[in-house]
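So you can see what is in the structure, the chains are spelled out below.
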Amino acid sequence: MTVINKSLKINTDSHFQIIDISSEIKTAFNEINEGEDSIEKGILAVFTKHSTSAIVVNENEKGLLNDFEFILEDLVKDKNGYDHDVIDNNAASHLKSFLLGSSETIPIINGKIDLGTWQSIFFIELDGPRRNRTIDLVFIGE
Amino acid sequence: MTVINKSLKINTDSHFQIIDISSEIKTAFNEINEGEDSIEKGILAVFTKHSTSAIVVNENEKGLLNDFEFILEDLVKDKNGYDHDVIDNNAASHLKSFLLGSSETIPIINGKIDLGTWQSIFFIELDGPRRNRTIDLVFIGE
Amino acid sequence: MTVINKSLKINTDSHFQIIDISSEIKTAFNEINEGEDSIEKGILAVFTKHSTSAIVVNENEKGLLNDFEFILEDLVKDKNGYDHDVIDNNAASHLKSFLLGSSETIPIINGKIDLGTWQSIFFIELDGPRRNRTIDLVFIGE
């Protein structure tokens, strides 16, 4: 059994931003599998360390990324008299994160991260721009 | 430590469909535990390979399943001028998947998948009917 | 490799209640790491056994907890002619759980549960008050 951690660091450019981290994750995984402790089957846990961001698995199509932004704005109105806005003016960002979730767990099968054909792993920035957003990856398997 | 993967294949019959996969999962797990590499404690990762579907744990009561469909329709209006509908006419299906998530991780305790009395594991089809929907299961434990 | 299970038991006091379980989880983890089977790196799976509750990771700020309640009430109207209310008068509670999810998976890195500075792990009661709500923790790593 092997357990390997890698953390990705990301700088974001705008208030709302969807970043496809699939290829960075695959690169990190390939580096692991070139070493001695390769993983043929297991899981990958993806976790964001920030409560104004989210981890989501879905399709990377440009129009759809706009639709993701639209639905979040539609469900969580900006500046809606939220209590948290008195403390730190980003309640809507937290509420969107609250609905989307902070982690996804993805299978590793036959030495590959087993995403479907149309699936990407996204980091969603909900309160940018920010420096050094950290996404933890934990690979467990054998 | 043991890591075992099983993938379920499902054909769906209608555009929206909730399928209780608990008993198929329990059957797969029982087959594992009749073998040499039994798992007494650990986790089960359940992951859908399709970005117009979701994995959810909740109660299997017929009326409630209707309510799940209602709330998704209520939150994500169909044909709402979504950008993705120009490319592939299923934006609302992706948006529902986006809100629900692609994975759940469930404990294995005392040789059982430790669901509560009123919990079932559901695959939710959001853009059917489809053939060969794939759900990955990864059992890890000892 | 080590796999350790702990289950937390919680009594809730009101219909809607957000309970920060981070310190209980850290205490459980520290007890493990004082023993022989310490975990330096791995994952923690947190799972609620109840389909009218949820597990969420976000910030513990008093005003924000009110905002979480507000957004759930706003998205899922109470007593809305739901089918499940005929059977068991708590459809809205199930629907909120449906949207939030039953599990989160959190990395363990350098012998710590690797939450961000502003992150807490919450059990969300959506249909209380209840006795003996059970939250499963599974720690896996080495």
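Conventions used here
Residues numbered from 1 in each chain as written. Chains lettered and ligands numbered in written order. Predicted model: local features only at pLDDT ≥ 70, side-chain atom pairs only at ≥ 80, totals over all residues. Heavy atoms only, no water. Contact = heavy atoms within 4.5 Å. Buried area = accessible area lost by both parts, 1.4 Å probe. Salt bridge = Lys/Arg side-chain N within 4 Å of Asp/Glu carboxyl O. Buried < 20%, exposed > 50% of the residue type's maximum accessible area, 1.4 Å probe, protein only. Helix = DSSP H or I, 4+ residues; strand = E, 2+ residues; numbered from the N terminus. Pairing = 2+ DSSP bridges. Least-squares fit on C-alpha atoms with pLDDT ≥ 70 in both. Core = buried A, V, L, I, M, F, W, Y, C linked by side-chain atoms within 4.5 Å. Polar contact = N/O pair within 3.5 Å; in protein donor to acceptor, adjacent residues only side chain to side chain. Nonpolar A, V, L, I, M, F, W, Y, C, P; charged D, E, K, R; others polar. pLDDT = per-residue confidence, 0-100. Axes fitted to C-alpha atoms, helices over the stretch in contact; angles between N-to-C directions. Phe/Tyr/Trp six-rings, centres within 6.5 Å; stacked < 30°, edge-to-face > 60°.

Draft legend 1. Region of the structure containing the interface of chain B and chain A. Of the residues lining the interface, 31 residues belong to chain B; the matching set on chain A comes to 35 residues. Summing both partners gives a buried area of about 2800 Å² for chain B against chain A, and 64% of it is carried by carbon and sulfur. Of all residues in chain B, the largest losses of buried area upon contact with chain A belong to Val-3, Phe-47 and Phe-98 of chain B, amounting jointly to 25% of the total for that side. Linking chain B to chain A there are one salt bridge. The closest approach of N and O atoms between Asp-114 of chain A and Lys-49 of chain B, which form a salt bridge, is 3.2 Å.

Draft legend 2. Molecular detail of the pairing of strand S4 (residues 53–58) of chain A. Residues and elements named next belong to chain A. Taken across its six residues, S4 has six buried, putting it largely inside the fold. Residues Ser-53, Ile-55 and Val-57 of S4 are buried on one face, and the alternating residues Ala-54, Val-56 and Asn-58, pointing to the opposite face, are buried as well. Pairing of S4 with strand S7 (residues 120–125), which is carried by six bridges, proceeds in the antiparallel orientation. Counterpart to Ser-53 in the pairing with S7 is Glu-125.

Draft legend 3. Here's a closer look at the environment of Lys-112 of chain C. Residues and elements named next belong to chain C. Relative to the helices and strands, Lys-112 resides in strand S6 (residues 112–113). The spatial distance from the C-alpha of Lys-112 to the C-alpha of Asn-30 is 8.7 Å, given a sequence separation of 82 residues. For Lys-112, the residues in contact, after removing those within four places along its chain, are Phe-29 and Pro-107.

Draft legend 4. Highlighting the relation of the copies chain C and chain B. In screw terms, the move from chain C to chain B is a rotation of 120° and a rise of 0.0 Å along the axis, fitting with an RMSD of 0.0 Å. Interpreted geometrically, this transformation is the action of a three-fold axis. Here only 19% of the contact residues of chain C are again contact residues in chain B; the copies associate through non-equivalent surfaces.

Draft legend 5. Spatial organisation of the relation of the copies chain B and chain A. Overlaying chain B on chain A yields an RMSD of 0.0 Å, the required transformation being a rotation through 120° with an accompanying axial translation of 0.0 Å. Comparing interface residues between copies, only 19% of those in chain B also lie at the interface in chain A; the contact surfaces differ.

Draft legend 6. Inspection of the nonpolar core at higher detail. Counting residues in hydrophobic clusters, the biggest one holds 63 residues, and the most contacted among them are Phe-98 and Ile-124 of chain A, Phe-98 and Ile-124 of chain B together with Phe-98 and Ile-124 of chain C. Excluding residues that lie within four positions of it along the chain, Phe-98 of chain C makes contacts with Val-56, Asn-58, Phe-68, Ile-71, Leu-72, Leu-100 and Ile-124 of chain B.

Draft legend 7. Fine view of unusual backbone geometry. All names here are of chain A. In this chain, Gly-128 is followed by Pro-129 through a cis amide linkage whose omega measures -5°. Mapped onto the secondary structure, Pro-129 falls in the loop between S7 and strand S8 (133–141). We note that Lys-79 has phi near 45°; this positive angle belongs to a residue other than glycine. Within the secondary structure, Lys-79 is located in the loop between helix H2 (62–75) and helix H3 (84–87).

Draft legend 8. Local environment of the interface of chain C and chain B. Taken together, the contact between chain C and chain B spans 31 residues of the former and 35 residues of the latter. Between chain C and chain B, roughly 2800 Å² of surface is buried when both sides are summed, and carbon and sulfur atoms account for 64% of that area. Considering only the side of chain C, the residues that lose the most area to chain B are Val-3, Phe-47 and Phe-98 of chain C, jointly responsible for 25% of the buried surface there. Between chain C and chain B we count one salt bridge in total. Scanning the region where chain C abuts chain B turns up 16 residue pairs in polar contact (both at pLDDT 80 or more). Sorting the residues of the side of chain C that touches chain B by element identifies strand S1 (2–10), strand S3 (42–48), helix H3 (84–87), helix H4 (91–100), strand S5 (103–109) and strand S8 (133–141) of chain C as the ones contributing at least two each. The class makeup of the residues in the side of chain C that touches chain B is 15 nonpolar, 13 polar and three charged.

Draft legend 9. Focus on the confidence of the model for chain A. Within chain A, residue pLDDT values average 97, and 100% of them lie at 70 or more. Scored by ipTM, the complex comes to 0.97, with pTM at 0.98.

Draft legend 10. Focus on the side chain of His-84 of chain B. For His-84 of chain B, the location among the structural elements is in helix H3 (residues 84–87). When residues no more than four places from it in sequence are discounted, the contact partners of His-84 of chain B are Glu-59, Glu-61, Gly-63, Leu-64 and Asp-67 of chain A together with Asn-90, Ala-91 and His-94 of chain B.

Draft legend 11. Inspection of the pattern of salt bridges at higher detail. Residues and elements named next belong to chain B. In total, this model carries 18 salt bridges over all chains according to the counting rule given. With a closest N to O distance of 2.7 Å, Arg-133 and Glu-125 form a salt bridge. Overall, Glu-125 belongs to the buried group, its relative accessible area being 0%.

Draft legend 12. Examining the sheet that holds strand S3 (residues 42–48) of chain B more closely. Residue and element names in this part refer to chain B. Pairing is antiparallel in the open sheet, where five strands are placed in the order S1-S8-S3-S5-S6. Two strands in the sheet have a free side with no partner beyond their single neighbour: strand S1 (2–10) and strand S6 (112–113). Sheet topology places S3 next to strand S5 (residues 103–109); six bridges connect them, and they run antiparallel. Among the inter-strand pairings, Ile-43 is bridged to a residue of S5, identified as Pro-107. Sheet contacts for helix H1 (residues 22–34): S1, S3, S5, S6 and strand S8 (133–141); angle to S1, the most-contacted strand, approximately 145°.

Draft legend 13. Focus on the packing of aromatic side chains. Scanning the model with the defined rule gives 12 aromatic pairs over all chains in all. Between Phe-98 of chain A and Phe-68 of chain C, the ring centres sit 4.1 Å apart and the planes meet at 10°, which makes this aromatic pair stacked. Taken as a pair, Phe-98 of chain A in helix H4 (residues 91–100) and Phe-68 of chain C in helix H2 (residues 62–75) lie in two separate chains rather than in one. As far as the burial class goes, Phe-98 of chain A and Phe-68 of chain C line up, both buried. Taken together, the ring pairs in this structure connect Phe-68 and Phe-122 of chain A together with Phe-98 of chain B into an aromatic cluster.

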